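# Survey of secondary and tertiary structure
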Amino acid sequence: QVQLVESGGGLVQPGGSLNLSCTGSNFKLDYYAIAWFRQAPGREREGLACISGADGKTYGVGSTKGRFTISRDNEKNTVYLQMNSLKPEDTAIYYCAADPLCGIWPGYAMEYWGKGTLVTVSS
């Protein structure tokens with residue numbers, strides 16, 4: 001059973017940074033694309049970024065493109081989301097997900113999901 005665990009969330013002031021981690025069990029980064037999503041109360045789940053398992057290609061979409069950067073460390077079997085210049089509207093639960101494809105486009109559902117980590121941006 002594929003298991004993903006997010007960590008690194010917490011309280012941060014506007015303009016600050018956080019680095020989220022997604023660590024996998026029973027999966028290989030070379031086999032899976034790993035994506036980050038977020039969901040705030042009353043809002044739909046939003047795809048943020050993805051890193052391909054085939055060639056390491058990265059994709060960033062939406063309002064966080066340019067501020068959030070996805071990366072991976074194969075030795076640690078971990079994918080990261082570096083979040084810079086955080087804004088109050090970034091407050092949400094952040095999830096990582098795994099799938100053969102980078103499914104951050106509308107209509108695609110990635111296969112495996114973590115339970116999420118809460119990020120709160122407030123002064």
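Since this is a predicted model, take the numbers as computed values, not measurements.

Conventions we followed
- Residues numbered from 1 in each chain as written.
- Predicted model: local features only at pLDDT ≥ 70, side-chain atom pairs only at ≥ 80, totals over all residues.
- Heavy atoms only, no water.
- Helix = DSSP H or I, 4+ residues; strand = E, 2+ residues; numbered from the N terminus.
- Rg over C-alpha atoms; globule rule 2.2 N^0.38 Å.
- Buried < 20%, exposed > 50% of the residue type's maximum accessible area, 1.4 Å probe, protein only.
- Areas by Shrake-Rupley, 256 points an atom, 1.4 Å probe, with all protein chains shown as cover.
- Lys, Arg positive; Asp, Glu negative; His and termini not counted.
- Charge placed at Lys NZ, Arg CZ, Asp CG, Glu CD.
- Phe/Tyr/Trp six-rings, centres within 6.5 Å; stacked < 30°, edge-to-face > 60°.
- Pairing = 2+ DSSP bridges.
- Axes fitted to C-alpha atoms, helices over the stretch in contact; angles between N-to-C directions.

Per the secondary structure count, the protein includes 0 helices and 11 strands. Along its sequence from the N terminus, the protein presents helices and strands in the succession β-β-β-β-β-β-β-β-β-β-β. Radius of gyration (C-alpha) of the protein: 13 Å, near the 14 Å computed for a compact globule of 123 residues. Referenced to the eigenvectors of the C-alpha coordinate spread, the extents of the protein come out at roughly 40 × 30 × 25 Å. The burial tally for the protein puts 45% of its 123 residues in the buried class. For the protein, the exposed surface amounts to about 6600 Å²; the carbon and sulfur share of it is 48%. Between the averaged position of the 11 positive side-chain charges in the protein and that of its 11 negative side-chain charges there is a distance of 4 Å.

Geometry of an aromatic ring pair is reported as the spacing of the ring centres plus the angle between the planes. This structure, assessed with the given rule, holds 5 aromatic pairs. Note on Tyr32 and Tyr112: the rings are 6.1 Å apart at their centroids and 75° apart in plane angle, and the pair reads as edge-to-face. Of the two residues, Tyr32 is situated in the loop between strand E3 (18-25) and strand E4 (33-39) and Tyr112 in strand E10 (residues 112-113); the sequence distance between them amounts to 80 residues. Here the aromatic rings of Phe68 and Tyr94 are separated by 6.4 Å at their centres, their planes lie at 55°, and the arrangement is tilted. Placement of the pair is Phe68 in strand E7 (residues 68-73) and Tyr94 in strand E9 (residues 92-99), with a sequence separation of 26 residues. Exposure remark for Phe68: the relative accessible area of 7% places this residue in the buried category.

Here we come to the sheet that holds E7. In spatial order, the strands read E1-E3-E8-E7; together these 4 strands make up an open sheet with antiparallel pairing. Two strands lie at the open edges of the sheet, namely strand E1 (3-7) and E7, each paired on one side alone. In this sheet, adjacent strand axes meet at a mean angle of 20° when their direction is disregarded. Of the pairings in the sheet, the one linking E3 to strand E8 (residues 78-83) comprises 6 bridges and is antiparallel in character. Bridge assignment links Cys22 to a residue of E8, and that residue is Val79.

Treat this as a map of the structure, not an account of what it does.
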